[in-house]
Amino acid sequence: MIRKLLALVLIFNLISCAELQEVVNNLPQQGGGVLSNVDIASGLRQALDLGIDKQVSKLTQEDGFYKNELVKILLPEELQKVDKGLRDIGLGNLADEGLKVLNRAAEDAVKEATPIFIAAVKDITFDDAKNILLGSDKAATEYLTNKTQTALYNSFKPVIYDSFSKVGADQIWENLINKYNAIPFTSNVNPNLTDYVTGEALKGVYTMIAVEEKEIRNKVSSRTTDLLRKVFALQD
């Protein structure tokens, strides 16, 4: 196995980019046989589908953002002083409620992500798959980001806007900010939270997909199908 790996490194260092596809096409697998272009592309689709199903779906559940420290949405920098100011005068519960509604809006919005991701995954070509497979630990996540970011933003933003209204976030934040503005010697603030939370929700989605991609790339036990095991053996 070590010999194979050393040979692979040598090959990749010596061949041109034009020859790389030929190497990948004909690289033998354990147990014999050769993976086809279709196999490699299908394996990458499986990996992305797994990340979407296993990780993104978690974000749609109650507290999917709020109790996940990797993606929890905090106040924008210009409002950090609001949070601190309220806690300093004993209004920590109100500050917590303000954070919670931001995260609830993101949890609602991510429910719109799955069909957009599915469409992007279906469009993966062999060239895409080859570049992802031989790329960085986040190559698949970066592919999805490039393919889906605009569509997700446009999909998330109206949902977050509506969610703020549905859960009373507009009233909560009006109350929260008014109380902060009433604290002596503070400057009034009034940010656009819809746009901010939309951006943070996008970051959260791609963060969780990257988590699953890293697991599949680095842990054989996370490759839950025969095809995943064969395809990702190419980058081991």
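### Things to note about the overall build of the chain
Each helix and strand in the chain was counted, giving eleven helices and zero strands. Counting every position in the chain, which comprises 236 residues, the buried fraction comes to 44%. Taking all contacts inside the chain whose residues are at least 6 apart in sequence as the whole, residues at least 24 apart take part in 79%. Counting only carbon and sulfur atoms, one obtains 53% of the accessible surface of the chain, whose full area is about 12,500 Å².

### Focus on the packing of helix H5 (residues 92–110) against helix H10 (residues 193–218)
At a closest axis distance of 9 Å, the pairing of H5 and H10 adopts a crossing angle of 60°. One way to sum up the angle between H5 and H10 is to call them oblique. Of the two possible hands of crossing, H5 and H10 adopt the one that is right-handed. Two secondary-structure elements touch here, H5 through Leu102, Ala106 and Val110 and H10 through Leu193, Val197, Ala201 and Val205.

### A word on unusual backbone geometry
Of note in this structure, Asp63 is not a glycine but carries a positive phi near 75°. Looking at the element boundaries, Asp63 is found in the loop between helix H3 (37–59) and helix H4 (80–88).

### A closer look at the pattern of salt bridges
Should the charged atoms of two oppositely charged side chains come close, the side chains can pair. Tallying each qualifying case throughout the model produces 14 salt bridges. Residue Lys111 is joined to Asp108 by a salt bridge in which the shortest nitrogen-to-oxygen separation is 3.8 Å. Among the ionic contacts, a cluster of salt bridges with common partners joins Glu62, Asp63, Lys67, Arg104 and Glu107.

### Points about the confidence of the model for the chain
Confidence in the prediction for the chain averages 80 pLDDT; 82% of positions are at 70 or higher. Taken together, the stretch residues 1–32 has pLDDT below 50 and engages in 36 contacts with residues farther than four places along the chain or on a different chain.

### Some thoughts on the packing of aromatic side chains
Going through the model one piece at a time under the given rule, you end up with one aromatic pair. Their ring planes at 80° and their centres at 6.2 Å tell us that Phe117 and Tyr206 sit as a pair that is edge-to-face. Taken together, the positions of Phe117 in helix H6 (residues 113–122) and Tyr206 in helix H10 put the pair 89 residues apart, joining distant regions of the chain. The pair formed by Phe117 and Tyr206 is uniform in burial state, with each residue classed as buried.

### Let's talk about the environment of Asn218
Its place among the elements puts Asn218 in helix H10. With near-sequence residues (within four places) excluded, Asn218 lies in contact with Asp137 and Arg223.

### Notes on the environment of Ser187
As for its position among the elements, Ser187 is in the loop between helix H9 (169–181) and H10. Along the primary structure Ser187 and Lys81 are separated by 106 residues, whereas in three dimensions their C-alpha atoms are 9.9 Å apart.

Conventions and cut-offs
Residues numbered from 1 in each chain as written. Predicted model: local features only at pLDDT ≥ 70, side-chain atom pairs only at ≥ 80, totals over all residues. Heavy atoms only, no water. Helix = DSSP H or I, 4+ residues; strand = E, 2+ residues; numbered from the N terminus. Buried < 20%, exposed > 50% of the residue type's maximum accessible area, 1.4 Å probe, protein only. Contact = heavy atoms within 4.5 Å. Areas by Shrake-Rupley, 256 points an atom, 1.4 Å probe, with all protein chains shown as cover. Axes fitted to C-alpha atoms, helices over the stretch in contact; angles between N-to-C directions. Parallel < 35°, antiparallel > 145°, perpendicular 65-115°, else oblique. Left-handed = near helix turned anticlockwise from the far one by under 90°. Salt bridge = Lys/Arg side-chain N within 4 Å of Asp/Glu carboxyl O. pLDDT = per-residue confidence, 0-100. Phe/Tyr/Trp six-rings, centres within 6.5 Å; stacked < 30°, edge-to-face > 60°.

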